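# Structural description and commentary
Each chain, written out:
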Amino acid sequence: MNYTKMPYWNIFLLGCLFYGVLVIQPAWYWYVIWFCMHFIIVTFGIHFTFHRLLSHKAFTTTTLIERIGSCIGCLAMSGSPLGWAGVHIHHHAHSDTDKDPHPPSIGWKNIFGFIDHSVISPRSFTPVAWMRRDPFHNALDKYYFELILLYWLLIYWILGHEALFFLGLLPTSTAGLVTAGSNNVVHKEGKPVNNLMAWFLIFGEAAHADHHNSPRDKYLTRYIDPTGFMIKHLRLDK
């Protein structure tokens, strides 16, 4: 089951980031495209779909939106939706203890997506058993890495090498780094905290203590929450 990003791939992608910026030296608009893609992966793929929709079932939306968001979320290379949700629910159950799969105590390794595999077991995925019965999510879990490679190959084939870097490799690198590394700034002294400075990494989900206090809240109102805006306009349970 794909429940972690591939840490050494993430280090490779970080090298791509420096290559893309320092060697390719693209036109200015490619930086705008990079940020937009990064923003979409983080807010719609990870926060909207993986986190609040699939992990916590905070709202409902159409099957089409769920599936589009699930595919986009995979581009952060943080695991398949099934794997990500199972590990995240396990994290909530054991937050900041020795059973937490990605505690801040592992330091810089969090940034590259390392987790403590020893605390994960098949029982960790019981809360997402419904996803295991879904043919779409099973296929996405099985072919998770192939999907990412296919996306990179398609944008290279259609749009060229600059698009490969600024629509593919670099947004994957930065989205993966900030969503994993944010654990180090929103968990302090053995508990989740609200951290306004983390907004520049994970936007509205910087209100992390609020989220842990009420995991099924669809909106996080302490800071500006782009994901909440998306939920407001795309949810069905109004």
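Everything here concerns the structure above.
Residues numbered from 1 in each chain as written. Predicted model: local features only at pLDDT ≥ 70, side-chain atom pairs only at ≥ 80, totals over all residues. Heavy atoms only, no water.

### Considerations on the overall build of the protein
On a plain count of helices and strands, the protein comes out with 12 helices and two strands. Reading the helices (α) and strands (β) of the protein from amino to carboxyl end gives α-α-α-α-α-α-α-α-α-β-β-α-α-α. By the compact-globule yardstick of 18 Å for 238 residues, the protein fits well, its C-alpha radius of gyration being 17 Å. Each of the three principal axes of the protein carries a C-alpha extent, and together these read 45 × 40 × 35 Å. Taken across its 238 residues, the protein has 55% of its residues classed as buried. Element-wise, carbon and sulfur atoms account for 66% of the exposed surface of the protein, whose accessible area totals about 11,400 Å². On the protein, the mean spot of the 18 positive side-chain charges and the mean spot of the 15 negative ones are 5 Å from each other. (Helix = DSSP H or I, 4+ residues; strand = E, 2+ residues; numbered from the N terminus. Rg over C-alpha atoms; globule rule 2.2 N^0.38 Å. Buried < 20%, exposed > 50% of the residue type's maximum accessible area, 1.4 Å probe, protein only. Areas by Shrake-Rupley, 256 points an atom, 1.4 Å probe, with all protein chains shown as cover. Lys, Arg positive; Asp, Glu negative; His and termini not counted. Charge placed at Lys NZ, Arg CZ, Asp CG, Glu CD.)

### Description of the packing of aromatic side chains
Applying the stated criterion across every chain yields a total of 13 aromatic pairs. For the pair tryptophan 30 and phenylalanine 166, a centre-to-centre distance of 6.1 Å together with 40° between the ring planes defines the contact as tilted. Of this pair, tryptophan 30 sits in helix 2 (residues 28-55) while phenylalanine 166 sits in helix 8 (residues 161-181), placing them 136 residues apart in sequence. Comparing tryptophan 30 with phenylalanine 166, the two get one shared label, buried. Through a chain of ring-to-ring contacts, the aromatic side chains of Trp28, Tyr29, Trp30, Tyr31, Trp34 and Phe166 assemble into a single cluster. (Phe/Tyr/Trp six-rings, centres within 6.5 Å; stacked < 30°, edge-to-face > 60°.)

### Things to note about the environment of glycine 45
Looking at where glycine 45 falls in the secondary structure, it is placed in helix 2. Between the C-alpha atom of glycine 45 and that of glutamate 66, which follows or precedes it by 21 residues, the distance is 9.3 Å. Beyond its immediate stretch of four places on either side in the chain, glycine 45 contacts Ile40, Phe50, Gly69, Ile72 and Gly73. (Contact = heavy atoms within 4.5 Å.)

### Things to note about a nonpolar patch on the surface
Residues Leu150, Leu154, Trp157, Ile158 and Leu159 make up a contiguous nonpolar surface patch of about 590 Å² in total accessible area. Residue position: leucine 150 is located in helix 7 (residues 144-159). Classification of leucine 150 as partly exposed rests on a relative accessible area of 45%. (Patch = residues over 30% accessible without salt bridge, like charges linked within 9 Å, V, L, I, M, F, W, Y side chains within 5 Å. Salt bridge = Lys/Arg side-chain N within 4 Å of Asp/Glu carboxyl O.)

### Side note on the pattern of salt bridges
Counted by the stated rule, this structure contains five salt bridges. Note that aspartate 225 and arginine 52 form a salt bridge whose closest N and O atoms lie 2.9 Å from each other. Here arginine 52 lies in helix 2 and aspartate 225 lies in the loop between helix 11 (208-213) and helix 12 (226-234), a separation of 173 residues in the sequence. The same class applies to aspartate 225 and to arginine 52, which are both buried.

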